[in-house]
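Structural description and commentary
So you can see what is in the structure, the chains are spelled out below.
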Amino acid sequence: MPRTKVLVVEDDRALSEVLLYNLDRAGYEVFKAFDGRDGLNQAQLRLPDVMILDVMLPIVDGVEVCRRLRASPETSKINVILLTAKSEESDQLIGFSVGADDYVTKPFSVRVLLERIKSLLRRKQGPEYDDADVVSQKGISLDRRKYRVTVDDVPVELTRSEFRLLDTLMRQPGRAFERCELIDSALGEDTLVLERTIDVHIRAIRKKIGEKSVAIETVRGVGYRFQDN
């Protein structure tokens, strides 16, 4: 069975070596890059399962790398964990807005990072669904098995987090979800994100589904719901 591939893009060479050593010991097949341009090249060449991506990179910064990954069909499904020395709320929101799957602030425990990788991979495998794989509401069709969304039969590209959020809302139309509930049900209970991050994802979904965005209603003081009539 092939090993899970992890690409580490980190310009701090000492930290990079520590990560590579521990990832290799944990059983991953590991690759490295020291700047954003090489990171993009390696991602296109290796197609890793997980990319550990520093934000403050030379040549091309991590946020732009993540944006380009998501814009390319070949690399759009790579799981991305952003690393940063910054802890400001705006940095986290920017990271998730371009499609990052998780976010770790330096300094961090390598053991914690390894657990976050395992958690991310479990989450991306998805649960075994008892419900129908396809749900259609208000001209929006979402197929869990094919991981595809269409609006009036026109394909729409969503990030994994956006897909799971829309799926959660569409499966229970009329129910008002609190932001913390959406984090737990759509992104995973062990995902450490700000509640405002949900607003970023919802805003991105609305933009992508265009006129159908009215189906996602804001419930003041609570969160969001999908129209049921």
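Residues numbered from 1 in each chain as written. Predicted model: local features only at pLDDT ≥ 70, side-chain atom pairs only at ≥ 80, totals over all residues. Heavy atoms only, no water.

**Structural notes on helix α6 (residues 160-171)**
Keep this limit in mind: Labels follow the DSSP assignment, with helices taken as runs of H or I lasting at least four residues and strands as runs of E lasting at least two, numbered in each case from the N terminus. Helix span, expected: 1.5 Å multiplied by one less than the number of residues in the helix. Only protein chains enter the accessibility calculation, which uses a 1.4 Å probe; a residue whose area is less than 20% of its type maximum is buried, one above 50% is exposed, and one in between is partly exposed.
Between its first and last C-alpha, α6 extends 16 Å over 12 residues, near the 16 Å set by a 1.5 Å rise per residue. Burial within α6 is extensive, with 11 of its 12 residues counted as buried. Every buried residue of α6 is accounted for by Arg160, Ser161, Glu162, Phe163, Arg164, Leu165, Leu166, Asp167, Thr168, Leu169 and Met170.

**A short note on the layout of surface pockets**
To keep it simple, the criterion reads: A cavity here means a set of points on a 1 Å grid, drawn over the protein atoms and nothing else, where a 1.4 Å probe fits but cannot get out; a pocket is an open set with protein on both sides within 12 Å along at least five of seven lines, and a residue lines either one if it has an atom within 4 Å of a point. Grid points are joined across faces, edges and corners, and a volume is the space filled by probe spheres set on the points. Following the grouping adopted for this structure description, the nonpolar residues are Ala, Val, Leu, Ile, Met, Phe, Trp, Tyr, Cys and Pro, the charged ones are Asp, Glu, Lys and Arg, and the polar ones are all others, Gly among them.
In this model, the second largest pocket occupies a volume close to 150 Å³. Taken together, Arg67, Arg70, Ala71, Ser97, Val98, Gly99, Thr159, Glu162, Ala204 and Lys208 make up the lining of the second largest pocket. Looking at the lining of the second largest pocket, the elements with two or more residues in it are α3 (62-71) and α8 (195-209). If one sorts the elements of the lining of the second largest pocket by residue count, α3 sits on top with three residues. Along the lines of polarity and charge, the residues of the lining of the second largest pocket split into three nonpolar, three polar and four charged.

**With respect to the sheet that holds strand β4 (residues 79-84)**
Here is the rule: Strand pairing follows a simple DSSP-based rule, namely that at least 2 bridges must link the two strands. Each axis is a line fitted through C-alpha atoms, and for a helix only the stretch in contact is used; angles between axes span 0 to 180 degrees, taken between their N-to-C directions. In this description, contact between two residues means that some pair of their heavy atoms is separated by no more than 4.5 Å.
Taking strand neighbours across the sheet as the criterion, the five strands line up as β2-β1-β3-β4-β5 in an open arrangement whose pairing is parallel. Because the sheet does not close on itself, it has two edges, and the strands there are β2 (29-33) and β5 (102-105). Along the sheet, successive strands turn relative to each other by an average axial angle of 20°, direction set aside. Examined bridge by bridge, strand β3 (residues 50-54) and β4 share five bridges and lie parallel to one another. For Asp54, the partnering residue across the bridge sits in β4 and is Leu83. Here helix α2 (residues 36-46) sits on the sheet and contacts β1 (5-9), β2 and β3; the angle it forms with β2, its principal contact strand, is near 150°. Contacts from α3 reach β3 and β4 within the one sheet, and its direction differs from that of β3 by about 150°.

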